Amino acid sequence: MQFGLALFCALVVAAWALPVRRSRMQLGLAFLCAGLGLLCSAAAAAQEAPAGVPRFPVEAGRLALAGPARPGAYLADLGRRAAVLGDETGAFEVWTWPIKLVRDLRLAFKIPEYDAPVPGAALARQVIVRPEGATIVYSHASFTVRQHVFVPLDEPGAIILLDVETVRPLDVLVQLHADFNLAWPGSFGGQSVVWWGERKAFLLFQGGVRNYHGLVGSPFATGGTTHPAHDAPMVPSQFVLKFEAGQVRSSFIPVVVAGGAAPRDSVVATYERLLGGAQRYWEEKLGHYRRVSRELLSLDSPDPRLDQVLEWAKVNLEQQLVCNPDLGCGLVAGFGRAGAGNYRPGFGWYFGGDAAINTLGMDGLGQFELVRRGLLFLAGFQREDGKIPHEISHAAARLPWFSEYPYTWFHGDTTPFWVLACYEYWKASADEGFLREVWPRVVRAFRWAAATDSDGDGLMENPRAGAGAIEVGGLGEALHTDIYLAGVWLAALEGVRELAGGVEDDDVAREADALFARALRSLEERFWLDAPGIYAFALLAADRVAAPGSTPVRARGAGAASGRGAAGAGVRVNDALTVWPATAMAFALLDAERSDRMLREVGSAAITADWGARMLSQYHRLYEPLHYNNGTVWPFVTGFAALAHYRYHRGWAGFDLVRDVARLTFDFARGRHPELLSGAFYQVLDTSVPQQFFATSMLVTPLVRGLLGLEADAPRRAVGIEPHLPADWDSVSIENFRVGAARLGLMLRRSRDSFLLSLRLHDGGAGPLHVRVAPALPLGATVQRVTVNERDAPVQVEETAHDVHAVVELTLADEALVEIEFRGGVEVVTPAERLTPGQPSEGLRVLDFRRAGREYLLLLEGLAGRSYALELRTAARLRNLRGAERLEQEEGRARLRSSFPAGAGYTRREVRFSL
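Because the structure is predicted, anything quoted here is derived from the model rather than measured.

Q: Explanation requested: the state of the cysteines in the structure shown.
A: A covalent bond between the sulfur atoms of two cysteines is referred to as a disulfide. Throughout the structure, instances matching the rule amount to one disulfide. Note that Cys-323 is cross-linked by a disulfide to Cys-329, the S-S spacing being 2.0 Å. A torsion of 110 degrees about the S-S bond marks the disulfide between Cys-323 and Cys-329 as right-handed. Its relative accessible area of 3% is what places Cys-323 among the buried residues.

So this is what it looks like as structure tokens:
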């Protein structure tokens, strides 16, 4: 109808133009038609105008972290096929694997009062971070713009939704720089970017034989800039979105980015899907993370922030899974902005060692499908001789990555860690299909690792295997075997032995068992240094000179059994005090008495700062607080140290380090954990990757396996529960701990004289579970009675150097109630540390807590000239107190103050008391 009316009007106007006499009627008819023509044109234009995305709720949610926008602070959103990496003031780069499409995708604002546009970074006021996406709020006196940024769960693209309110005409400028290239270290030339008016989008394309395309645009764009041909990265691009004053919209204005190694029509189809399905993609992601929260392990503790940290850890570890169209889906190491050029997106490509380490925590959370996919992904790239790749670039299929680049096989620890991860996954899941599929590759990996031992001591060797603890720096000079590699290898040998039993391969089981015994004996005999009471960092090559400052010593004999020897005769060692022995201790592999002495030094100010564990003692000559391997604090090794403390019943020290990693969730990149921090100040390094997944997983691992004490043995239908609750916790509730197909719920409550465990088994499937319950009770406690479902039960009491455990075994078919009655004892409340970024380390260190005859002994370390408060949990009255003064004692708590004499640095003192 509109077309017909417009045509009629056009004919009348044409007739009017004819050279004939015009009547008043003709004149009126012409004006009428002209008016109708304008109305018709307006109606047609209105019909063609884009409708936007109908408004839908973008709620904060219970996991939302909100606060002021901070310049330079990392902000990202991730899917499986794309990533948006940026900062809180609104500059982003977009990746659709294996391509980096654009960087510096940002907003600017133009209003009539200003000659020049105002950068969005100058107006970014608030940030809201959620698992499903992020929001930046830009605020000006004349407008507010809310920018919702998210990446669909499984599409190669990103969506930005703008919610605009303005009282002046407003131009929103969408600015970007089309780097458009393969991920590091790949590259292609001939990139072009043109404004595609029909699509109202920039088209990115490459002129070679390969198909690489991208689209960045909006149906509301009014036009884009032009560019020189075949040189897209050289100049910025921009398109404009216009908004009228006072205009109230019922829709979001979309900006969409899509692309990848695909033909143009495929990328266009993706772009159109994203434009048409924004709400569906948002709700899909929202539903996904709700299921993650609901179905994986969850915690209800006296510390709500720690509970929230665990929820964010689940989100982060889910976001490891990245799908590359060339390589498949595997687990990447972490994310950060690449900056100009096609540099690396943090560590957003596939790392074998990181993935294997992360699975130890993921098993505890119940992320079985992700773990399975990640381990099989790595198995698919195993070298013919059995070695597992250290890293795989997103561009690996488009260049000779596996044959000509040195990074692929750089690390030696990756292979035993992968073997260990396969075992831990099988133990948690009882996935027999996985075991059968992966077993031939496990045997090849085992054979490769064993072959790196040239001297017959049973230990892997760095020169033959590759890097272990150290990648750069003088500490790594002349290495023969570092204790990190040795510890991981021992744990892997235990795993091979158990996996071999699972497939009834008796020959491999016997071989692994014999090799484990020899390797363990070598580690104890050759690494232990009795005088300082530590395990050495490394054995040194006999024909090489050690690094300056590493003080190698020649051992003088000793047996492992006695616990009194030095390193084995004729062995040269690097005797540096490092955190690395904690890795072997985290697997409970080493002598208990020696490990306790070593952990006393790990817990000291030499290694432990107020925000985590340094790799190297701050008193060592090679210590440098900003050096990658010689002094920084890594959350990843902090987690291993925390688990080691728990393994040897030093619960107060383990909880201190768990809190350190948890605190990072809020203080830097919201919801994320950084790769490393300075050894001198509570601050991330400029070079630190802001979202590093093994930092996240090594919060989860000591929390689940240490603090909560949960260990599944699904093939045997068994579970161990050995919690070391912080002294100031009276209860904790746990849901969805997976033991194969079964799910276990627990509630733990305690008082001054009882410990109560309520157990619930869900979805057992294969029958009841054998449960070993062994909660940590206060040091010096006396177990009075144990009941299971209100009936007396046999109990075994195990007293360690630092606590007491009442061990009860039962069969759980559905529900059970275990009550342990005890009397007396003392616990140390982990000292609180109030930290803000930039602070130096100055907190109290509790190095030891044990009984010495009829007395209790606390070994403390504090800054000279300082006084520190310390709290003990006990119902008894302290007597004969020395080394501290009592401030008060009431309601089962004793509060003390210990003062350190004047001097310099940290110094130690003993506190003794009886009850």
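There's more to say after this.
Q: Got a minute to help me understand the sheet that holds strand 49 (residues 855–863) in this structure?
A: Strand pairing in a sheet takes place through backbone hydrogen bonds and is either antiparallel or parallel in direction. Strand order in the open sheet formed by four strands is 48-49-54-51, with antiparallel pairing between adjacent strands. Unpaired on one side and paired on the other, strand 48 (845–852) and strand 51 (879–882) mark the two borders of the sheet. Shown here is a sheet whose adjacent strand axes are inclined to one another by a mean of 15 degrees, direction ignored. The sheet contact formed by strand 51 and strand 54 (residues 906–914) spans two bridges and is antiparallel. Bridge assignment links Arg-882 to a residue of strand 54, and that residue is Arg-912. The strands that helix 16 (residues 592–602) touches are strand 48, strand 49 and strand 54; relative to strand 48, the one it contacts most, it runs at about 150 degrees.

Q: What is the right way to read the pattern of salt bridges from this model?
A: Note that side chains of opposite charge can pair when their charged atoms are close. One pass over the structure, following the stated rule, counts 61 salt bridges. A salt bridge links Glu-827 to Arg-750, with the nearest nitrogen and oxygen atoms 3.1 Å apart. Taken together, the residues Glu-827 in strand 47 (residues 827–829) and Arg-750 in strand 38 (residues 742–750) connect sequence positions 77 residues apart. Here Glu-827 matches Arg-750 in class, with each residue buried. Two residues, Arg-895 and Glu-871, come together in a salt bridge whose shortest N-O distance is 3.4 Å. Placement of Arg-895 in strand 53 (residues 893–899) and of Glu-871 in strand 50 (residues 867–873) is noted, with a sequence separation of 24 residues between them. By relative accessible area, which is 26% here, Arg-895 ends up partly exposed. Linked by salt bridges that have partners in common, Asp-610, Asp-656, Arg-659, Asp-660, Arg-663, Glu-833 and Arg-845 make up one network.

Q: How should I be thinking about the sheet that holds strand 52 (residues 885–890) in this particular structure?
A: Ordered in space as 47-50-53-52, the four strands form an open sheet in which the pairing is antiparallel. At either end of the open sheet lies a strand with only one pairing partner, and these are strand 47 and strand 52. Averaged over all neighbouring strand pairs, the angle between strand axes comes to 25 degrees, with direction disregarded. When strand 52 meets strand 53, the two strands line up antiparallel, connected through five bridges. Within the sheet, the bridge partner assigned to Gln-889 lies in strand 53 and is Ala-894.

Q: Any chance you could explain unusual backbone geometry here in plain terms?
A: When glycine is set aside, most residues are seen to have a negative phi, and most peptide bonds are trans. The amide bond that connects Trp-97 to the next residue, Pro-98, takes the cis arrangement and shows omega of 5 degrees. Inspection of the secondary structure puts Pro-98 in the loop between strand 5 (92–96) and strand 6 (99–110). The step from Trp-184 to Pro-185 runs through a cis peptide bond, and the omega angle for that step is -5 degrees. One can find Pro-185 in the loop between strand 13 (181–182) and strand 14 (191–196). The phi dihedral of Glu-504 is positive, around 60 degrees, even though this residue is not glycine.

Cut-off values and rules
Residues numbered from 1 in each chain as written. Predicted model: local features only at pLDDT ≥ 70, side-chain atom pairs only at ≥ 80, totals over all residues. Heavy atoms only, no water. Disulfide = S-S within 2.5 Å. Buried < 20%, exposed > 50% of the residue type's maximum accessible area, 1.4 Å probe, protein only. Pairing = 2+ DSSP bridges. Helix = DSSP H or I, 4+ residues; strand = E, 2+ residues; numbered from the N terminus. Axes fitted to C-alpha atoms, helices over the stretch in contact; angles between N-to-C directions. Contact = heavy atoms within 4.5 Å. Salt bridge = Lys/Arg side-chain N within 4 Å of Asp/Glu carboxyl O.

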